[in-house]
Each structure stands twice: as C-alpha cells, then as structure tokens.
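Residues per chain, in single letters:
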Amino acid sequence: MAAEHSVGFEPAERLAEDRESVRRRFWRKLKRVAVQLPFAEDLLAAYYCAFDKGTPRHVQASLLGALAYFILPFDFVPDVMPILGFTDDAAVLATAIRMVASHITTEHREAARAKLKRGLDEAKAEAAQ
C-alpha cells in the first residue's frame, strides 16, 4: 500500500528509518552545499524539529523522510545541475514543512539562524553528539 503513494521515495523512506545515518549524512551534505541553498534556514529548522525529543513521532517521521531525500545522492533532479539541482529537494522539504508547520517552533528557527550565522564549521562535532 505504501508504494502506491510514494513511488520514487522508497530509498528516502528506508534511509529515514536510520536516524543516526540521517544525522551524520545531513551535516556532511549541508556543509558541502549550504551556500547554494536559498532554503538552508528552513532545512535546518526542519532538522532541529526532527531531532527534538519533544516533537511527536509522526512529525519526526515526515521531516526525517524529507531530510533523507535531501541527503540521497540520487534523486529526481541531480543536485549537480546548476539552478535546478535542488528544486526537487526544496519541493519535498516545503511539502513536509507545510504538513507539520505548527510543530516547527520559534526555537527551531532561531537555532537554524544561529547555526547559519556561526557557520557550519562545528557541524561534524555536533553530528557526533
């Protein structure tokens, strides 16, 4: 039944089940591509919400799926394509955020802004925590 409504997203769904893999791979990819992402703040806010212990499980699952899609090396529009490369990632993330917007708090957004302001130098150390 799940395959009927998620055609093409199965690899992201499998990856999303492994929270620690999402955590590690997310920071590696974000560090590489952050300057190219106009939606970096939303992406980080979604990440902080997904890993917040106070976030309901169904919300975490939705956001982890979107984050997993972001870190997958293969997706509908290859990330290496200029301009268009991250449009599919942005669409998946925007859809997930719309579904769970009330759970992404001011604190998640402030943490995202602070992280972007500080830079991503500490990303690897944070992922290990």
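Just above sits the structure.
**Here we look at the packing of helix H4 (residues 40–50) against helix H5 (residues 57–71)**
Part 1 of the reasoning: Here H4 crosses H5 at 135°, and the two axes come no closer than 9 Å. In terms of orientation, H4 and H5 fall into the oblique class. In terms of crossing hand, the pair formed by H4 and H5 is left-handed. Between H4 and H5, the contacting residues are Leu43, Ala46, Tyr47, Cys49 and Ala50 on the first element and Val59, Gln60, Leu63, Leu64, Leu67 and Phe70 on the second.

**Section: the nonpolar core**
Part 1 of the reasoning: Among the nonpolar cores identified, the biggest contains 32 residues, and Phe26, Leu30, Leu37, Leu43, Leu63, Leu67 and Phe70 are the most heavily contacted of them.
Part 2 of the reasoning: The set of elements that each furnish at least two residues to this core consists of helix H3 (19–33), H4, H5 and helix H6 (87–100).
Part 3 of the reasoning: Of all the elements, H4 adds the most residues to this core, at 9 residues.

**Regarding the pattern of salt bridges**
Part 1 of the reasoning: Per the counting criterion, the structure on display carries 3 salt bridges.
Part 2 of the reasoning: Between Arg23 and Glu20 there is a salt bridge, and its shortest N-O distance comes to 3.5 Å. Here Glu20 and Arg23 lie together in helix H3, a separation of 3 residues that amounts to about one turn.
Part 3 of the reasoning: Taking relative accessible area as the criterion, Arg23 reaches 15% and is therefore assigned buried.

So, how was this worked out
- Residues numbered from 1 in each chain as written.
- Predicted model: local features only at pLDDT ≥ 70, side-chain atom pairs only at ≥ 80, totals over all residues.
- Heavy atoms only, no water.
- Axes fitted to C-alpha atoms, helices over the stretch in contact; angles between N-to-C directions.
- Helix = DSSP H or I, 4+ residues; strand = E, 2+ residues; numbered from the N terminus.
- Parallel < 35°, antiparallel > 145°, perpendicular 65-115°, else oblique.
- Left-handed = near helix turned anticlockwise from the far one by under 90°.
- Contact = heavy atoms within 4.5 Å.
- Core = buried A, V, L, I, M, F, W, Y, C linked by side-chain atoms within 4.5 Å.
- Buried < 20%, exposed > 50% of the residue type's maximum accessible area, 1.4 Å probe, protein only.
- Salt bridge = Lys/Arg side-chain N within 4 Å of Asp/Glu carboxyl O.

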